[in-house]
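# What the coordinates show
This is what each chain is made of:
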Amino acid sequence: MAVSFRYWDDCVAPQDLETMWKDPEVKSEWINAGEDEESKVHLSRDPDGHPYLTQIEMKAVAGIIVHRHYLSQIDSDMLCAIAELESDRQPICTQYIKKSKASTMGIMQILPKTAEWLVRDLGYNAYQIEDSNTLYKPFVNVYLGAAYLKWLSTYDHKERSEEYMVRAYRGGIKKANHKSTLPYWKRYLSVKESLPSRKVFDVRSTLAGSSSTPPDINKQNNINVTWDSRASREDMDEMWNKSFIRKEWTKCGEKRGRVNISHDANRRPYVSQIEIRGVAEIILSKHFSTQRLKASILCAIAEIISMRYMNGVGQRPGLMGIDYPTAQWLYKDLDNKAYNVESVEDLTRPFVSMYFGAAYISWLANYEGSERSPQFIVQAYFNGPQNVNLKETDPSWLKFEEALSHYEDLNKAQGDCSIL
């Protein structure tokens, strides 16, 4: 059955529509068009009757998706520019690909099989995909388009440029550097340059002030984020039992039941060096006590891979940068089941990320049945065990040694640099 959207209410959840109304530019545009908050909001239509998002609406959707799921990882202007090129911002746009005998769908032109892979294998299941028609919904489609770009950003364990990501998005991995995708890249740059300028709009505080926003939405965003919403009660009790944690939190005026998480100038949640030391010590004492793994090791890796940002940096989610497929493999195949991971969002929880980071290090320490050196473990953690070259000094090892020295001083540990 053909899909047809007449109103925004037909293709977005009520809380998403409410968030759109909270955007000053969207609200102004809608009111000027005769819309009001008590009635359904009409979608704009082109001369042929096809619904489309205005640039202001598209900018709002992209901004909300980025702040909810990809803060510091994906640029919302990238999403807007690609949407412009792929579909002219038309939510029910469909294009048949003769070579693959499949159709791309929606604003970001996502293939259904790509969407299925992102949800099933990479854990991007913030939205329930009931059937392929769900991909026509703007928030769902932009969320999955951003997920695919995030995957492209470190394809084959390499940090990729914006140009690579955009050209690969258009032509696939094999065409990322092919002359056929160069014109697309040039059009992208032109479109991106012409986008409406972004004004400061705090999506997080807007959502926090919305009385109808469900609690689970608040938990997955950076909205008044608390430690208590990102950790179990048992783990929070363990944190409070740490004298150095209790001292820091009490000094900052925190109380049991609602401990605020620190944010940087861009409102990105991060943990202090004291807090991450506490998380590492608790994880090791509870789940890896039989191994000689040191808390300072975990802290140093987190310092490099995520800069202690809870949501992670770039492609790598969470404090320890463990992605969803790796966490699932550690859980299912290696029986590391102290924490469950049902979606990539779970890996933004400090204790969950730290646990699977420690499990991965433990596996690397005896990779292929051989006891491995600290240099091997560190290089393998950052680059993959197949890409380790011990004959050369890897930059990640030098960064690790520097970060480790800070945490060894913090922990007042003795001895040389050793992992096991």
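For the structure itself, look to the data block above.
A short tour of the structure in this document, coming up.

What counts, and where the lines are drawn
- Residues numbered from 1 in each chain as written.
- Predicted model: local features only at pLDDT ≥ 70, side-chain atom pairs only at ≥ 80, totals over all residues.
- Heavy atoms only, no water.
- Helix = DSSP H or I, 4+ residues; strand = E, 2+ residues; numbered from the N terminus.
- Buried < 20%, exposed > 50% of the residue type's maximum accessible area, 1.4 Å probe, protein only.
- Contact = heavy atoms within 4.5 Å.
- Areas by Shrake-Rupley, 256 points an atom, 1.4 Å probe, with all protein chains shown as cover.
- Phe/Tyr/Trp six-rings, centres within 6.5 Å; stacked < 30°, edge-to-face > 60°.
- Axes fitted to C-alpha atoms, helices over the stretch in contact; angles between N-to-C directions.
- Parallel < 35°, antiparallel > 145°, perpendicular 65-115°, else oblique.
- Nonpolar A, V, L, I, M, F, W, Y, C, P; charged D, E, K, R; others polar.
- Core = buried A, V, L, I, M, F, W, Y, C linked by side-chain atoms within 4.5 Å.
- Salt bridge = Lys/Arg side-chain N within 4 Å of Asp/Glu carboxyl O.
- 1 Å grid on protein atoms, 1.4 Å probe; cavity = no way out; pocket = protein on both sides within 12 Å on 5 of 7 lines; lining within 4 Å.
- Points joined across faces, edges and corners; volume = space filled by probe spheres on them.
- Arc of directions from axis to C-beta.

## Considerations on the overall build of the chain
Looking only at helices and strands, one finds 19 helices and 8 strands in the chain. Taken over 420 residues, the chain has a buried fraction of 51%. In the chain, the proportion of contacts linking residues at least 24 apart, taken out of those at least 6 apart, comes to 61%. A total of about 20,100 Å² of accessible surface is found on the chain, and carbon and sulfur atoms cover 46% of it.

## Some remarks on the packing of aromatic side chains
Enumeration over the complete set of coordinates arrives at 24 aromatic pairs. Pairing tyrosine 148 with tryptophan 151 gives two aromatic rings, centres 5.7 Å apart and planes at 20°, and the pair type is stacked. Remark: tryptophan 151 and tyrosine 148 occur in helix H6 (residues 138-152); sequence separation between them is 3 residues, near one turn of the helix. Judged by its relative accessible area of 15%, tyrosine 148 is buried.

## Points about the packing of helix H16 (residues 324-332) against helix H17 (residues 350-365)
Viewed as axis vectors pointing N to C, H16 and H17 meet at an angle of 70°, and their least axial separation amounts to 10 Å. One finds that H16 runs roughly perpendicular with respect to H17. Note on element contacts: H17 touches H16 through Phe356, Ala359, Tyr360 and Trp363, opposite Thr326, Ala327, Trp329, Leu330 and Tyr331. Counted by class, the contact of H16 with H17 contains 8 nonpolar, 1 polar and no charged residues.

## Brief notes about the nonpolar core
Membership of the largest hydrophobic core comes to 123 residues, with the highest contact counts inside it found for Trp8, Trp227 and Phe356. Looking at this core element by element, the count peaks at 11 residues for H17. Other than its neighbours up to four places away in sequence, tryptophan 8 contacts Leu17, Met20, Trp30, Val41, His42, Leu43, Leu53, Glu57, Val61 and Pro138.

## Topic: the pattern of salt bridges
Under the criterion given, the structure shown has 20 salt bridges. Between lysine 27 and glutamate 37 there is a salt bridge whose closest N-O contact spans 3.8 Å. Here glutamate 37 lies in the loop between helix H2 (24-32) and strand S1 (44-45) and lysine 27 lies in helix H2, a separation of 10 residues in the sequence. Residue lysine 27 is classed as partly exposed on the basis of its relative accessible area of 33%. Salt bridges sharing common partners tie together Asp75, Glu162 and Lys192.

## Focus on empty space enclosed by the protein
Taken as a whole and judged by the stated rule, the model has 3 cavities of 30 Å³ or more. Estimates place the volume of the second largest cavity at around 50 Å³. What lines the second largest cavity is Gln55, Met58, Lys59, Asp77, Cys80, Glu84, Arg89, Leu195 and Pro196. Counting residues per element, the ones that place at least two in the lining of the second largest cavity are helix H3 (55-69) and helix H4 (76-87).

## Points about helix H12 (residues 233-241)
All of the buried residues in H12 are Asp235, Met236, Met239 and Trp240. Here the buried residues of H12 occupy an arc of 140° about the axis, which is enough to place them on one side. Facing away from the buried surface of H12 by more than 90 degrees, the exposed residues are Glu234 and Asn241. Where the residues of H12 are buried, they touch helix H11 (227-230), helix H13 (243-251), helix H14 (273-287) and H17.

## A look at unusual backbone geometry
Despite not being glycine, aspartate 88 shows a phi value in the positive range, around 55°. Checked against the element boundaries, aspartate 88 lands in the loop between H4 and strand S3 (94-97). Even without a glycine there, the phi angle at glutamate 368 is positive, about 55°. As for its placement among the helices and strands, glutamate 368 is situated in the loop between H17 and helix H18 (374-383).

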